[in-house]
Amino acid sequence: ADRGGIASINVVHEVARLSPSERRNRSLMIKKVRDFWVRDVLHNSLYKAVLIDLGMEYKPYEVTYPWKSFFKETKVEIRTEIPVGTSVENIFDEQNGELLILGAPGSGKTTTLLHLAEILLNRAECNETLPIPIVFNLSSWTEQKIEFGDWIIEELNVRYGVPNKIAQSWAKKDNILLLLDGLDEVEQIRREKCVEAINDYRSKHGFTNIVVCSRIADYDILETKLKMQAAILIQSLTVEQIDSYLESLGNSLSPLRQIIKLDTDLQNLAQSTLLLNI
């Protein structure tokens, strides 16, 4: 710069570029996940039928969090409240991509997971340095497949048609983001082993982002808890939310609105987004 002037220096960090074949494989995988889970499952489900802001709260004692003992010793209060309107992607980001989603049957766990998948797929499409979000259903895990990494590779091959060599490379390099649905769908006698297998995998791939979904009643009976940053519980709908939703559908449902206000059994049924839509 001239004497007394100001010089500007631009520092550019060079990012490893993908080869044309790597970029093509990545794009194909993103499209496969989007086509099936977002287009065919999420958008054809109750996702647009019941557009209600689901209440959520943190459940800190549902996961094994390494700093939990520190909070107890220092008497720091562990936060449980989640402000109304907070999006699941904001929670995911705040918890460094480690999240357990719990809820009652029909509460919207899978819908919440797939909504997050859509957001993460959009991000991965715009930024090739981000891992590929891939949805897996844990119901196919068996105790014989103790090595969770082997199960992931097999699922990539069988469910998504990814060649073993590419699947192994993605898993080894932590190029995938695991969205694991249906922990409660694992056979009960094998569920404990499945949690242990996930924890073992996380001890070897600690920087792999992971989200797990489960019914809370099935998860609560497990002695082993997932080693995760945080757990959230999707709360049941309130009477006010139910009434507001029915009101939005028009005057034809006014009789139902009145009955639900008086009938506690119907109120309990309608607290599930699934049953409310039905």
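Residues numbered from 1 in each chain as written. Predicted model: local features only at pLDDT ≥ 70, side-chain atom pairs only at ≥ 80, totals over all residues. Heavy atoms only, no water.

A. Examining the overall build of the protein chain more closely. When its secondary structure is counted, the protein chain shows twelve helices and six strands. Across the 278 residues that make up the protein chain, the buried fraction comes to 41%. Considering only contacts in the protein chain between residues 6 or more positions apart, those separated by 24 or more positions represent 77%. Here the protein chain has roughly 16,000 Å² of accessible surface; of this, 52% comes from carbon and sulfur atoms. (Helix = DSSP H or I, 4+ residues; strand = E, 2+ residues; numbered from the N terminus. Buried < 20%, exposed > 50% of the residue type's maximum accessible area, 1.4 Å probe, protein only. Contact = heavy atoms within 4.5 Å. Areas by Shrake-Rupley, 256 points an atom, 1.4 Å probe, with all protein chains shown as cover.)

B. Highlighting the packing of aromatic side chains. Applying the stated criterion to the full structure yields five aromatic pairs. On the basis of an interplanar angle of 85 degrees and a centroid distance of 4.9 Å, the ring pair of F36 and W37 is categorised as edge-to-face. When its relative accessible area of 43% is taken as the criterion, F36 is described as partly exposed. Joined through ring pairs, the aromatic side chains of F136, F148, W151, Y160 and Y201 make up one cluster. (Phe/Tyr/Trp six-rings, centres within 6.5 Å; stacked < 30°, edge-to-face > 60°.)

C. Expanded view of the environment of N44. Residue position: N44 is located in the loop between α1 (20-42) and β1 (56-58). Separated by 3.3 Å, the side chain of N44 and the backbone oxygen of D40 make a polar contact. (Polar contact = N/O pair within 3.5 Å; in protein donor to acceptor, adjacent residues only side chain to side chain.)

D. The arrangement of α1 in detail. Here α1 contains 23 residues, and its C-alpha end-to-end distance of 31 Å stays within 8% of the 33 Å for a straight helix at 1.5 Å per residue. Along its length, α1 shows its largest kink, about 30 degrees, at R34. Within α1, the full set of buried residues consists of R26, M29, I30, V33, R34, D35, W37, V38 and L42. (Expected span 1.5 Å × (residues − 1). Bend = angle between axes of the 7 residues up to and from the residue.)

E. Up close: the pairing of strand β5 (residues 210-215). With five of six residues buried, β5 is to be regarded as a mostly interior element. By the bridge criterion, six bridges tie strand β2 (residues 98-103) to β5 in an arrangement that is parallel. Paired with L102 across the strands is S214, a residue of β5. Taking the sense of rotation as the criterion, the β-α-β connection linking strand β4 (residues 176-181), helix α7 (residues 188-204) and β5 turns out right-handed. (Pairing = 2+ DSSP bridges. Right-handed = clockwise from strand over helix to strand, strands pointing away.)

F. The side chain of S214, seen in detail. Examined against the element boundaries, S214 turns out to sit in strand β5. For S214, a relative accessible area of 1% corresponds to the buried category. In this structure S214 touches I101, L102, G103, K109, L183, D184 and Y219, once residues within four positions along its chain are discounted.

G. Local environment of a nonpolar patch on the surface. Taken together, L269, L274, L275 and I278 make up a surface patch of nonpolar side chains, about 400 Å² in accessible area. For L274, the position within the fold is in helix α12 (residues 273-277). Classification of L274 by relative accessible area gives partly exposed; the value is 38%. (Patch = residues over 30% accessible without salt bridge, like charges linked within 9 Å, V, L, I, M, F, W, Y side chains within 5 Å. Salt bridge = Lys/Arg side-chain N within 4 Å of Asp/Glu carboxyl O.)

H. Fine view of the nonpolar core. In terms of nonpolar packing, the biggest core is built from 66 residues, with L138, F148 and L180 touching the most fellow members. A total of seven residues in this core trace back to one element, the largest contributor, which is helix α4 (residues 109-126). Not counting the four nearest positions on each side in its chain, L180 is found in contact with L113, F136, L138, F148, W151, I198, I210, V211, V212 and C213. Membership of the second largest hydrophobic core comes to seven residues, among which are L237, Y245, L246 and I260. (Core = buried A, V, L, I, M, F, W, Y, C linked by side-chain atoms within 4.5 Å.)

Purely geometric numbers; function is a separate question.
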